[in-house]
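Next come the chains, spelled out residue by residue.
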Amino acid sequence: MNQHSLFINDQHHQLHLRHIWCKPGGIPILMLHGTIENGKIFYTHSGKGLACYLAEQGFDVYVADFRGKGNSTPSIKEDSSHGQHEMITQDIPLFIKEVGKINNQPMHVICHSWGGVLFASALTRFPELLPTIASNICFGTKRSVLTSGIEKTLKVDWLWNRIAPRLAKRKGFIDAKKLKFGAESETLQFLQESIDWVKPGSWQDSTDNFNYKNAAKAINWPPTWHITGIADKVLGNVSDVKAFINESDNSEALLSLLSKKGGNALNYDHINILTHPLSVTDHFPDVVQWLNKHTIC
């Protein structure tokens, strides 16, 4: 297996893509991570993870680090003057164009959590990107958290919506890794923008008031598969995933809930749905079948 890093220049930012492949000429896959994490949710240097698994199956895989995350530079600690608006309007179009420049075939896009919201938002803003997308798979993707309960109150209402932005005001960002509730920092701007969306309300850009929900009505979505785990009670609760599918006006989207009762190896949660060793023989082969079925030759 081969791995190396690519960098895309965007003014003083360098956006990182981890290129993973076994043989040249494979069908391209772009992977987008979620909040308080980076592209490592999909791969390890030692060859583990969904990205590496797909490379072994012959795909040409590109794992993104959004600006300030992972190996993208400068880090959020060095420059925190950006948020999800830049991820939607700059990062994702640049990643798609770069992959298309290297591998001139329609690409599949695989997202985790908030990465799926950002990707859907980018497609509604830039429908000219649609012909380059063969399909989209989202793991644990929701926009608003509509569920209730103690875990939701602690993780979302208190930690994310109240405590995190207060802490971020001190330096312009929150160091989630240092505080032991995530792998990456997030900027204050991102926190404020994402909180507006996590709370029940309009799917609209706070920077320029672009209305994503209205724009989504005109989108002819690529084949879309949402996957979440039954043990994911808050960050990718199946009812919230359904709500996002409906909000996106993507009636053809497929939704799968992974559980022991449904025949899976375990009751997956928000993270181990991508990282558990059993995933390789459980649902990862189904992902390959989906990708092969929806590959555009």
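Going by the structure above, here's the rest.
What counts, and where the lines are drawn
Residues numbered from 1 in each chain as written. Predicted model: local features only at pLDDT ≥ 70, side-chain atom pairs only at ≥ 80, totals over all residues. Heavy atoms only, no water. Phe/Tyr/Trp six-rings, centres within 6.5 Å; stacked < 30°, edge-to-face > 60°. Helix = DSSP H or I, 4+ residues; strand = E, 2+ residues; numbered from the N terminus. Buried < 20%, exposed > 50% of the residue type's maximum accessible area, 1.4 Å probe, protein only. Pairing = 2+ DSSP bridges. Core = buried A, V, L, I, M, F, W, Y, C linked by side-chain atoms within 4.5 Å. Contact = heavy atoms within 4.5 Å. Salt bridge = Lys/Arg side-chain N within 4 Å of Asp/Glu carboxyl O. Axes fitted to C-alpha atoms, helices over the stretch in contact; angles between N-to-C directions.

Draft legend 1. Here's a closer look at the packing of aromatic side chains. Here the structure, examined in full by the defined rule, presents eight aromatic pairs. Relative to F284, the ring of Y53 lies with its centre 5.6 Å away and its plane at 45°, an arrangement referred to as tilted. Remark: F284 occurs in helix α9 (residues 284-293) and Y53 occurs in helix α1 (residues 50-56); sequence separation between them is 231 residues. The residues Y53 and F284 share a single accessibility class, namely buried. Taken together through their ring pairs, the aromatic side chains of W114, W197, W203, F210, Y212 and F244 make up a single cluster.

Draft legend 2. Inspection of the pairing of strand β9 (residues 224-229) at higher detail. Of all six residues in β9, six are buried; the element is thus mostly enclosed. Both faces of β9 are covered, namely the face carrying T224, H226 and T228 and the face carrying W225, I227 and G229. Bridge count for strand β6 (residues 133-139) against β9 is four bridges, and the pairing is parallel. Looking across to β9, one finds that N136 is bridged to T224. Of the pairings in the sheet, the one linking β9 to strand β10 (residues 254-258) comprises five bridges and is parallel in character. Bridge assignment links I227 to a residue of β10, and that residue is S256.

Draft legend 3. Representation of the nonpolar core in the model. Ranked by size, the top nonpolar core spans 50 residues in total, and within it L17, L30, L32, F95 and F119 carry the most contacts. Here this core takes seven residues from helix α3 (residues 114-125), the largest share from any one element. Contact partners of L17, with chain neighbours within four places excluded, come to H4, S5, L6, I8, L30, Y62, V63, A64, F95, E98 and V99. Among the nonpolar cores identified, the runner-up in size contains 31 residues, and M31, V63, Y268 and I273 belong to it.

Draft legend 4. Structural context of the pattern of salt bridges. Tallying each qualifying case throughout the model produces ten salt bridges. With a shortest N-O distance of 2.8 Å, E186 and K69 are connected by a salt bridge. Within this pair, whereas E186 is found in strand β8 (residues 186-187), its partner K69 is found in the loop between β4 (60-65) and α2 (84-102), the two being separated by 117 residues in sequence. Judged by relative accessible area, which is 2%, E186 ranks as buried. Among the residues examined, K69 registers a relative accessible area of 1% and is labelled buried. Measuring nitrogen to oxygen at the nearest pair gives 2.7 Å for the salt bridge that ties K155 to E151. Of this pair, K155 and E151 are both found in helix α4 (residues 150-171), four residues apart, which corresponds to roughly one turn of the helix. By relative accessible area, K155 is classed as partly exposed at 40%. Given a relative accessible area of 33%, E151 falls into the partly exposed group. A single salt-bridge network, built from bridges that share partners, covers D10, R67 and D91.

Draft legend 5. Here's a closer look at the pairing of strand β2 (residues 13-21). Burial analysis of β2 places seven of its nine residues in the buried class, the great majority of the element. Pairing of strand β1 (residues 2-10) with β2, which is carried by nine bridges, proceeds in the antiparallel orientation. Bridging across to β2, I8 finds its partner in L15. Linking β1 to β2, which pair antiparallel, is a turn of two residues; within it Q11 sits at a positive phi near 55°. Where β2 and β4 come together, five bridges link them in antiparallel fashion. Looking at β4, one finds that R18 is bridged to V63.

Draft legend 6. How the structure looks around the sheet that holds β10. An order of β1-β2-β4-β3-β5-β6-β9-β10 is seen for the eight strands of this open sheet, with the pairing classed as mixed. Every other strand in the sheet has two partners, leaving β1 and β10 as the edge strands with one partner each. Averaged over all pairs of adjacent strands, the angle between their axes in this sheet comes to 20°, without regard to strand direction. Across six bridges, strand β5 (residues 107-112) lies against β6 in parallel orientation. Residue pairing across strands places C111 opposite C138, the latter belonging to β6. Contacts from α2 reach β1, β2, β3 (28-32), β4, β5 and β6 within the one sheet, and its direction differs from that of β2 by about 45°.

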